[in-house]
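Next come the chains, spelled out residue by residue.
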Amino acid sequence: MASPSLKILISLLLLTLSIQAYGESKEWCIADEQSTDEELQRALDWACGKGGANCSKIQVNHPCYLPNTLRDHASYAFNNYYQRFKHKGASCYFNSAAITTDLDPSHGSCKFEFLP
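First things first, this report covers the structure right here in the doc. Just so it is clear, the structure is predicted and the values come from calculations on it, not from any experiment. (Residues numbered from 1 in each chain as written. Predicted model: local features only at pLDDT ≥ 70, side-chain atom pairs only at ≥ 80, totals over all residues. Heavy atoms only, no water.)

**Side note on helix H3 (residues 70-85)**
The criterion, for reference: Think of it this way: any DSSP run of H or I at least four residues long counts as a helix, any run of E at least two long counts as a strand, and we number them from the N terminus. By this rule, a helix spans an expected 1.5 Å times one less than how many residues it contains. For every residue, the accessible area obtained with a 1.4 Å probe (protein chains only) is divided by the maximum for its type, and the residue is called buried under 20%, exposed over 50%, and partly exposed between those limits. A contact between two residues is defined here by any heavy atoms of the two lying within 4.5 Å.
Taking 1.5 Å as the rise per residue, H3 with 16 residues should run 22 Å; its terminal C-alpha atoms sit 22 Å apart, in good agreement. Within the sequence span of H3, burial applies to His73, Ala74, Ser75, Tyr76, Ala77, Phe78, Asn79, Asn80, Tyr81, Tyr82 and Gln83. Check the buried side of H3 and you find it contacts strand E1 (28-31), helix H2 (37-48) and strand E2 (98-101).

This is the structure:
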C-alpha cells in the first residue's frame, strides 16, 4: 500500500504533466520595439535567407506587405521562422532583435501563424 506522501507526490506529478500537455499558451515571436533598424534588417535578412522562413507574404501585393515597415516585416518573418522551427530547437532571439508575446499580432488579412 502506498504511503499518503507518495500518493500526494504522484498526484502532483500527474497534475503538472496534464497542465504541461493541455495548458500550453499560444506564443508568437515579434520584433522588439527597442531594436534598431540595423539590428532588425540583419535579423530579417537572416530569417528570410539562411534561416529558412517563408517570407513570401511580406512581398508587394501579398497579405502582410502592409504596413510596409521594417518592424512589421521583421515581426512576420521572425514569427514564421519561430513557428516552423521551434520544435527543432529554434528560439525567438534573433540576436536580441525579437521577443515573444501571447497577444496575436495578426492584423487585417495578415495572419500570423501559430503552431502548437
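**Here's the deal with the pattern of salt bridges**
Selection rule: Salt bridge criterion: a side-chain nitrogen from Lys or Arg within 4 Å of a carboxyl oxygen from Asp or Glu.
Counted by the stated rule, this structure contains one salt bridge. Between glutamate 33 and arginine 71 there is a salt bridge; the shortest N-O distance is 3.9 Å. You can see glutamate 33 sitting in the loop between E1 and H2 and its partner arginine 71 sitting in helix H3, a full 38 residues away along the chain.

**Points about the side chain of threonine 101**
Note the following rule: For this analysis, a polar contact is any N or O atom pair within 3.5 Å, provided that within protein one partner can donate a hydrogen and the other can accept it, and provided that sequence-adjacent residues contribute only side-chain to side-chain pairs.
Relative to the helices and strands, threonine 101 is located in strand E2. Of the residues examined, threonine 101 reaches a relative accessible area of 15% and is grouped as buried. Separated by 3.1 Å, the side chain of threonine 101 and the backbone nitrogen of leucine 103 make a polar contact. Among all residues touching threonine 101, those that are not within four sequence positions of it are Lys26, Glu27, Trp28 and Ile30.

Geometric descriptors of this kind do not, in isolation, establish any biological role.
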